Amino acid sequence: MLRSKIIGTGRYSPTNLVTNADLEKYFGKPLKPSLEGKLGIKQRYITGDDESSADLATKAAEKAIEDAGINAKDIDLVIVTTDTPEYISPATSSVVQGRLKAVNAGTFDINASCAGFVTALDVASRMIMTGGYKKILVVGVYNMTKFVDKTNMSVYPIFADGGGAVVLEATEEEKGFLASELVADGTQYDLLGIYAGGTKNPITKERLDKKEHMLQFLQPLPPDRNIKLWPPMIKDVLEKAGLELNDVDHFLFTQINKWVIEEVMKVLNLPMEMTTCIMGEYGYTGSACIPMALDIAIKEGKVQKGDKVVMVASGVGFAVAAAVFEM
């Protein structure tokens, strides 16, 4: 039986570092204590006007390819997952494939908001399991600061930019991708998002003047939604893999709220040492946060060969994805 295994990881952050102190100078007043105390965000890296999503994705992909010890020509498929694409059309994956010179690879994008990367792992792994693909590059990229109102003290400090990537390879070993689960509730599409620029609300001067092309919070998000959802979802995906909670070596979650991760680990009765939090240094990097956290955990030795890793990601829409890998 074929499985997909992760043979390389990589990440990239823009060079523009913005600390909380920098933002307090920018706004001329203190930031909310909850930004650092509850969310855990102390600084972030953001793109300038000259750096786009394809730039972030390509640089993260190059590092993952190098880490895997392969050539871009070895890749059969490039999947980019993002809700901040290079263009509405063509796909960001096409731009990235061209820059990488991955001439033997097909391409497509996935938009499952911030659940996109784990969703893409599900899709790519199953495509490898069919025998049709040997090596797939999966890139999560986030450039949300391009869509955030920089005058909004409650919103702007949360968001950051970055890219994370993995190379998946077909293997007959009894490791790699073990199980996954996707959950969604499309009735919650109108809570948070970028609602102008598509076919429902095309860009007009009036919408631009009202900043409707920017990220909008239309309804409050339930603060404990992920605390209630993630633990039973972890149990379900582990059952699919034939594993128990104590078989897992490390957990990776969406990196927007450290307090939520702490509460989930309490529910699971597990120490925080079994998860990696990167929002303190990198801010919230959306669809890039889990591959970035995975790369950091591997590079720091928190995740090693043979470890079983659970990844859980939530995004607006509402979409959630979980996957189990043996590294």
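No experiment lies behind these values; they were computed from the predicted model shown. (Residues numbered from 1 in each chain as written. Predicted model: local features only at pLDDT ≥ 70, side-chain atom pairs only at ≥ 80, totals over all residues. Heavy atoms only, no water.)

(A) Highlighting the layout of surface pockets. For the second largest pocket, the calculated volume is near 160 Å³. As for the second largest pocket, its lining consists of E36, G37, K38, G40, K42, K258, W259, E262, C277, M279 and G280. If you list the elements that add at least two residues to the lining of the second largest pocket, you get helix 2 (33-37), helix 8 (258-267) and helix 9 (279-282). Top element by residues in the lining of the second largest pocket is helix 8. It accounts for three residues. Per-class residue counts for the lining of the second largest pocket are three nonpolar, three polar and five charged. (1 Å grid on protein atoms, 1.4 Å probe; cavity = no way out; pocket = protein on both sides within 12 Å on 5 of 7 lines; lining within 4 Å. Points joined across faces, edges and corners; volume = space filled by probe spheres on them. Helix = DSSP H or I, 4+ residues; strand = E, 2+ residues; numbered from the N terminus. Nonpolar A, V, L, I, M, F, W, Y, C, P; charged D, E, K, R; others polar.)

(B) Layout of the packing of helix 7 (residues 225-241) against helix 8. Relative to each other, helix 7 and helix 8 sit at 40°, their axes nearing to 9 Å. Viewed along their axes, helix 7 and helix 8 adopt a mutual orientation that is oblique. Between helix 7 and helix 8 the crossing geometry is right-handed. Residues N226, I227, W230 and P231 of helix 7 form the contact with helix 8, whose participating residues are W259, V260, I261, E263, V264 and V267. (Axes fitted to C-alpha atoms, helices over the stretch in contact; angles between N-to-C directions. Parallel < 35°, antiparallel > 145°, perpendicular 65-115°, else oblique. Left-handed = near helix turned anticlockwise from the far one by under 90°. Contact = heavy atoms within 4.5 Å.)

(C) Structural detail: empty space enclosed by the protein. By the definition in use, this model includes one cavity of 30 Å³ or more. In this structure, the largest cavity occupies an estimated 30 Å³ of space. Residue lining of the largest cavity: Q188, L191, L192, L221, R225, V316, G317 and F318, and that is the complete set. For the lining of the largest cavity, the residue count by class is five nonpolar, two polar and one charged.

(D) A look at the side chain of D149. You can see D149 is positioned in the loop between strand 6 (135-143) and strand 7 (161-171). Here the side chain of D149 touches K211 through a polar contact of 3.3 Å, side chain to side chain. Apart from the residues lying within four places of it in its own chain, the contact partners of D149 are Y156, K211 and M214. (Polar contact = N/O pair within 3.5 Å; in protein donor to acceptor, adjacent residues only side chain to side chain.)

(E) Spatial organisation of the pattern of salt bridges. Enumeration according to the criterion identifies 16 salt bridges in this entry. A salt bridge links E86 to R99; its shortest N-O distance comes to 3.9 Å. With a gap of 13 residues between them, E86 in the loop between strand 4 (77-81) and helix 4 (92-100) and R99 in helix 4 connect regions that are remote in the sequence. Overall, the relative accessible area of 36% leaves R99 in the partly exposed class. Across the pair E263 and K266 runs a salt bridge, and its minimum N-O distance is 3.3 Å. (Salt bridge = Lys/Arg side-chain N within 4 Å of Asp/Glu carboxyl O. Buried < 20%, exposed > 50% of the residue type's maximum accessible area, 1.4 Å probe, protein only.)

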